[in-house]
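Chain by chain, the residues:
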Amino acid sequence: MTRIAASPLPSPAEGACGAGGSGGARLIRPASRVFLLRRGGTVFGAVLLTLALLLAGALWRYAATLPPLELTQASLRSTVILDRKGQLLRPFATADGRWRLPVTASEVDPRMLAMLKAYEDRRFDTHSGIDPAATLRAAWQWLRHGHIVSGGSTLSMQVARLVEPRTERSLLAKLRQMIRAVALERSLGKAGVLDLYLALAPYGGPVEGIRAASLAYFGREPARLSFAESALLVALPQSPEARRPDRFAATAKRARDRVLDIAAERGVLTPDEARAAKAEPVPATRKHFPMLAPHAAEQALAADPDARVQHLTLDARLQASLEALAAERAAAAGPALSAAILAIDNRTGAVLAHVGSAGYLDGARAGAVDATQAVRSPGSALKPFIYALAFENGLAHPETLLDDRPARFAASYAPENFDMGYRGTVTARFALQQSLNLPAVDLLDAVGAARFVARLRGAGATILLPRDTAPGLPVALGGLGITLTDLARLYAGLARSGTVPALLRRLDGAAPPEPERRIADPVAAWYVADILRGAPPPENALPGRISFKTGTSYGYRDAWAVGFDARVTIAVWIGRPDGASVPGLIGRSHAAPILFDAFARFGGEPEPLPRPRDALVVATAGLPPPLRHIRRDAPKTFAATLGVPLKIAYPPDGARVDLGLAEGARARLALKALGGQPPLTWMVDGLPVAEAMRRQSEWSPEGAGFARISVMDADGASDSVVVRLE
């Protein structure tokens, strides 16, 4: 709570009206007395001098009776949400419904400040809160005419009235303002007093302060104002309700033009500039306050309601462009449809754009619902992570041949491709690029649905299964629930060599502390990114620019598209917020065009991901035999018939292996497997171990760290362990 002492005034013996020095004027100085005598004679000067002494004495005695001035209420400001560069995204009204935005004089057009001082308080920079000349002139006019002709109020006195509002207009109230004005100047200085005036001056209705007024009447910040706009903002606080331009335009224009005349008379602008400014119309309506990223702004306010200024990681330019894109495409797609877009900086995890709906105020599209947080079925959008898990475990390679033909799995599950056709034998690369269902289910059957869902959850994604059932093969085709935010994070993990980022939303805060979460190892993540970069783009889009995948949920309820390069990940959803079916709503035709347009609006050339040194780039024929072709109809081996499945006997899963490395030496780790059909293929982190085709073999690690060791037999059966090398 800010308090300012109530007795800042000098005693009458120290000076009549001021503190002396540069802050005031001593009326008893010889020069002042000569000036007064020349202006009105001895009697006139004596009367004014007596008035000054009496006024100073009255102020000094009255000041001792006043309590300290509290600025608690005056310091209340609207909460403003800013982007990463300080641009206003959205302001919120105060608890009592006022728009009082934080502002300082440095954020206001200097020409407006010059006009304000010329019109309201010419000696603001030199007096100490009270202008002696203006005060004596007002007192003399009051004595001569019997009523107040001019108030003689300085800007500091007006601030005192705004900080401590009182309805009465009396000599006692004026004395109180004078005392408070001197106290404010001594406590806050000239800059602090001017900042308070700019923040508190009334401009009609609930609009207070020059920043809120500039946004309300001109639709922009007050950093750059025309002469006509500056003059209007100077004139309004004198009578804010009677001069409101949105209600009394003619009155507002007359008041503005008077300010322009006085500003020209006092040299702030030329007569020609004043005439040109008078020709400008005054605004006839109030404009809406900015409302960019409304969902993100509301979340920021709820997370920290006491912070009056919050800097988000969003980019206002990109946010505005993507909001317009979402609204345009949702409207073209059909009634009641909404769209959501999320953009993540892959290097930092910062959220660059958060479009929660196709229009926050569009009730027909449920615009208040933030679709980035809604749990929906992703369709085929999770297939890349099945492939990543298979690549990581040594079950497959991008050039491994898979079967795309009708099949029936456990529990009579018989999936079909989206187009109801089949391609026969295809590579894993082709199967993922074409989003074929049968190969994806095949691979999920090999890695295990429960293990796949555990990997997603371990990477930080919230996964909801139907009626809390155990994971089954339908999860490959969207048989689970996930949010657009989590899906975007998982894809950002592919762009970051498998490490999923913790999202950073506030520029002035740190990312929430989280353990490192991985969705894939670096080689598997690059394999998937490289495959998705070759996916066929939508119409009128160039191929090979970004890695992307689409998804369409069952019943045409949700259309998805997620894409990334080394710089950014962008995720798109389009559908009905109520989950109703939309015939013909397909990820490739509805969401993918939005994704590619969003990348174009992001700007710059896409950056491909660097290839890991350990990535194996060969044709199918160059793969180890067990990796060349995975067939679901492979006959059972003799070992399997006897109940001896393939299993790694050494090293055990989770073991910590002491390599005992001497300087310059290179250790050799024994590898041992039980069961399976030889020949066996040993792999470490997705790469085959040279000449290791037996149940007992060895491998030479390059150094300490974690390693995933896998083995595959001639029939495609596999097992893997993770060990820590020390």
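Not measured: the values here are computed from a predicted model.

Definitions and limits used
- Throughout, residues of each chain are indexed from 1 in the direction in which the sequence is written.
- With pLDDT at 70 or above as the cut-off, local features in this predicted model cover only qualifying residues; side-chain atom pairs require 80 or more to be listed or tallied, and sums for whole chains, interfaces and linings still use all residues.
- The side-chain quantities take in all heavy atoms of the structure and omit both hydrogens and water.
- Strands are runs of DSSP state E lasting at least 2 residues, helices are runs of H or I lasting at least 4, and numbering of each runs from the N terminus.
- Only protein chains enter the area calculation, which uses a 1.4 Å probe; residues under 20% of their type maximum are buried, those over 50% are exposed, and those in between are partly exposed.
- The contact definition used throughout considers only heavy atoms, calling two residues in contact when any of these lie within 4.5 Å.
- The Shrake-Rupley method, run with a 1.4 Å probe, gives the accessible areas here. Residue values count only the displayed protein chains as cover.
- A carboxyl oxygen of Asp or Glu within 4 Å of a side-chain nitrogen of Lys or Arg is what we treat as a salt bridge.
- In protein, a polar contact requires one atom able to donate a hydrogen and another able to accept it; more generally it is a pair of N or O atoms within 3.5 Å, and residues adjacent in sequence count only if both atoms are side-chain atoms.
- For two strands to pair, DSSP has to find at least two bridges joining them.
- Lines fitted to C-alpha atoms define the axes, with helix axes restricted to the stretch in contact, and inter-axis angles between N-to-C directions lie between 0 and 180 degrees.
- Think of it this way: a Phe, Tyr or Trp ring, Trp meaning its six-membered ring, pairs with another when their centres are within 6.5 Å, and the plane angle makes it stacked under 30 degrees, edge-to-face over 60, tilted otherwise.
- A ring is considered to have a charge above it if a Lys NZ or an Arg CZ atom is located within 6 Å of its centre and within 35 degrees of its normal.
- Nonpolar cores are built from buried Ala, Val, Leu, Ile, Met, Phe, Trp, Tyr and Cys residues. Side-chain atoms within 4.5 Å join them into one set.
- In this description, one arc is meant: the one made by directions from the helix axis to the C-beta atoms.
- Confidence scores labelled pLDDT are given residue by residue by the predictor and lie between 0 and 100.
- One fewer than the residue count of a helix, multiplied by 1.5 Å, yields its expected span.
- Oblique is the label for any angle not under 35 degrees, not over 145, and not in the 65 to 115 range, which are roughly parallel, roughly antiparallel and roughly perpendicular in turn.
- By convention, the crossing between two helices is left-handed when the near helix turns anticlockwise from the far helix through less than a right angle, and right-handed when the turn is clockwise.
- By the convention adopted, Pro, Cys, Tyr, Trp, Phe, Met, Ile, Leu, Val and Ala count as nonpolar, Lys, Arg, Asp and Glu as charged, and the other residues, Gly among them, as polar.

### Things to note about the overall build of the chain
Stage number 1. When its secondary structure is counted, the chain shows 20 helices and 24 strands.
Stage number 2. Going through the 726 residues of the chain one by one, you find that 53% of them count as buried.
Stage number 3. For the chain, the share of sequence-separated contacts (at least 6 apart) that also reach a separation of at least 24 residues comes to 70%.
Stage number 4. Within the structure as shown, the chain displays about 32100 Å² of accessible surface, and the carbon and sulfur contribution to it stands at 55%.

### Quick word on the pattern of salt bridges
Stage number 1. The tally for this structure, following the rule as stated, stands at 33 salt bridges.
Stage number 2. With a closest N to O distance of 3.3 Å, Arg 98 and Asp 96 form a salt bridge.
Stage number 3. Across the pair Arg 275 and Asp 272 runs a salt bridge whose closest N-O atoms are separated by 1.9 Å. Pair noted here: Arg 275 and Asp 272 are both in helix 9 (residues 271–278), with a separation of 3 residues, about one helical turn.
Stage number 4. Three or more residues are tied together by salt bridges with common partners; here these are Asp 96, Arg 98, Arg 100 and Glu 208.

### Describing the side chain of Ser 78
Stage number 1. Looking at where Ser 78 falls in the secondary structure, it is placed in the loop between strand 2 (69–70) and strand 3 (79–82).
Stage number 2. Within the structure, Ser 78 has its side chain in polar contact with the backbone oxygen of Phe 92 (distance 3.1 Å).
Stage number 3. From its side chain, Ser 78 meets the backbone oxygen of Arg 98 in a polar contact 3.4 Å long.

### With respect to the sheet that holds strand 4 (residues 88–92)
Stage number 1. Spatially, 3 strands are ordered 4-3-7 in an open sheet, and the strand pairing comes out mixed. What marks the edges here is a single partner per strand, and that holds for strand 4 and strand 7 (309–311). Pairs of neighbouring strands in the sheet enclose a mean axial angle of 15 degrees, with direction left out of account.
Stage number 2. Note that strand 3 and strand 7 share 3 bridges and pair parallel. Residue pairing in the sheet places Leu 82 in a bridge with His 311 of strand 7.
Stage number 3. Lying over the sheet, helix 10 (residues 294–303) contacts strand 3, strand 4 and strand 7, oriented at roughly 55 degrees with respect to strand 4.

### Focus: the packing of aromatic side chains
Stage number 1. Applying the stated rule across the entire model yields 8 aromatic pairs.
Stage number 2. When the centroid spacing of 6.2 Å and the interplanar angle of 65 degrees are considered together, the rings of Tyr 387 and Phe 391 count as edge-to-face. Of the two residues, Tyr 387 and Phe 391 both sit in helix 12 (residues 383–392), 4 residues apart, roughly one turn of that helix.
Stage number 3. Counting every residue linked through ring pairs, the aromatic cluster contains Tyr 387, Phe 391, Trp 526 and Tyr 527.
Stage number 4. Sitting above the plane of the Phe 227 ring, Arg 111 keeps its charged end 4.9 Å from the centroid.
Stage number 5. In this structure, Lys 190 packs its charged tip against the face of Phe 124, placed 4.5 Å from the ring centre.

### Observations concerning the sheet that holds strand 22 (residues 696–699)
Stage number 1. Strands sit in the order 17-19-22 across an open sheet of 3 strands; the sheet is antiparallel. The strands lining the two open edges of the sheet, one partner per strand, are strand 17 (647–650) and strand 22. Each neighbouring strand pair of the sheet contributes to a mean axis angle of 35 degrees, computed without reference to strand direction.

### Brief notes about the nonpolar core
One broad trend across soluble globular proteins is that nonpolar side chains are buried collectively.
Stage number 1. Among the nonpolar cores identified, the biggest contains 89 residues, and Phe 452 and Leu 490 are the most heavily contacted of them.
Stage number 2. Broken down by element, the residue count for this core peaks at 9 residues, all from helix 17 (residues 522–533).
Stage number 3. In contact with Phe 452, not counting residues within four places along its chain, are Leu 382, Phe 385, Ile 386, Leu 389, Leu 444 and Val 475.

### Quick notes on the side chain of Ser 380
Stage number 1. Looking at where Ser 380 falls in the secondary structure, it is placed in the loop between strand 9 (351–355) and helix 12.
Stage number 2. The class of Ser 380 is buried, set by a relative accessible area of 12%.

### Points about unusual backbone geometry
Stage number 1. Between Tyr 650 and the following residue, Pro 651, the backbone shows a cis peptide bond with an omega angle of 0 degrees.
Stage number 2. Inspection of the secondary structure assignment puts Pro 651 in the loop between strand 17 and strand 18 (656–657).
Stage number 3. Positive phi is not limited to glycine here, since Ala 336 has a value of about 70 degrees.
Stage number 4. A residue is classified by how much of its surface remains accessible, and Ala 336, at 22% relative accessible area, is partly exposed.
Stage number 5. One non-glycine residue, Met 420, adopts positive backbone phi at about 65 degrees.
Stage number 6. Positionally, Met 420 belongs in the loop between strand 10 (401–404) and strand 11 (424–427).

### A closer look at helix 15 (residues 449–458)
One turn of the α-helix equals 3.6 residues, which is why residues spaced by three or four share an orientation.
Stage number 1. Where helix 15 is concerned, the buried positions are Ala 449, Phe 452, Val 453, Arg 455 and Leu 456. Along helix 15, the residues classed as buried sweep out an arc of 155 degrees about the axis, all on the same side.
Stage number 2. Looking at the buried positions of helix 15, the neighbouring elements they touch are helix 12, helix 14 (437–447), helix 16 (484–495), strand 13 (517–518) and strand 23 (705–712).
Stage number 3. Immediately downstream of helix 15, the backbone of Gly 460 shows phi near 105 degrees, a positive value.

### Focus on the environment of Asp 508
Stage number 1. Looking at where Asp 508 falls in the secondary structure, it is placed in the loop between strand 12 (499–500) and strand 13.
Stage number 2. Judged by relative accessible area, Asp 508 falls into the partly exposed class, the value being 43%.
Stage number 3. Taking the C-alpha atoms as reference points, Asp 508 and Gln 310, separated by 198 residues in sequence, lie 7.5 Å from one another.
Stage number 4. Not counting residues within four places of it along the chain, the set of residues in contact with Asp 508 comprises Val 309, Gln 310 and His 311.

### Considerations on the confidence of the model for the chain
Stage number 1. When pLDDT is averaged along the chain, the result is 85; 82% of the residues meet or exceed 70.
Stage number 2. Ignoring residues within four places in sequence, the model shows residues 10–40, a span with pLDDT below 50, making 46 contacts including any to other chains.
Stage number 3. Counting contacts from residues 634–642, a segment whose pLDDT is below 50, to residues more than four positions away or on other chains yields 10 contacts.

### Description of the environment of Leu 292
Stage number 1. Among the structural elements, Leu 292 can be located in the loop between helix 9 and helix 10.
Stage number 2. Once residues lying within four places of it in the same chain are set aside, the contact partners of Leu 292 are Leu 89, Arg 90, Ala 316, Gln 319, Ala 320 and Glu 323.

### Some points on helix 18 (residues 587–602)
Stage number 1. For helix 18, built from 16 residues, the straight-helix expectation of 22 Å at 1.5 Å per residue is met to within 8% by its first-to-last C-alpha distance of 21 Å.
Stage number 2. Among the residues of helix 18, Gly 587, Ala 591, Ala 592, Ile 594, Leu 595, Phe 596, Asp 597, Ala 598 and Phe 599 are the ones counted as buried.
Stage number 3. Each element contacted by the buried residues of helix 18 is listed here: helix 11 (316–333), strand 8 (338–345), strand 14 (547–552), strand 15 (558–564) and strand 16 (568–575).
Stage number 4. Looking one or two residues past helix 18, Gly 603 carries a phi angle of roughly 90 degrees, positive in sign.

### Details of the packing of helix 11 against helix 18
Stage number 1. Put simply, helix 11 and helix 18 touch, their axes get as near as 10 Å, and they point 155 degrees apart. Between helix 11 and helix 18, the crossing angle belongs to the class labelled roughly antiparallel. Classified by chirality, the crossing of helix 18 by helix 11 is right-handed. Taken together, the residues of helix 18 that come into contact with helix 11 (itself represented by Arg 317, Leu 318, Ser 321, Leu 322, Ala 324, Leu 325, Glu 328, Arg 329 and Ala 333) are His 590, Pro 593, Ile 594, Asp 597, Ala 598, Arg 601 and Phe 602.
Stage number 2. Residues belonging to the contact of helix 11 with helix 18 are distributed by class as follows: 9 nonpolar, 2 polar and 5 charged.

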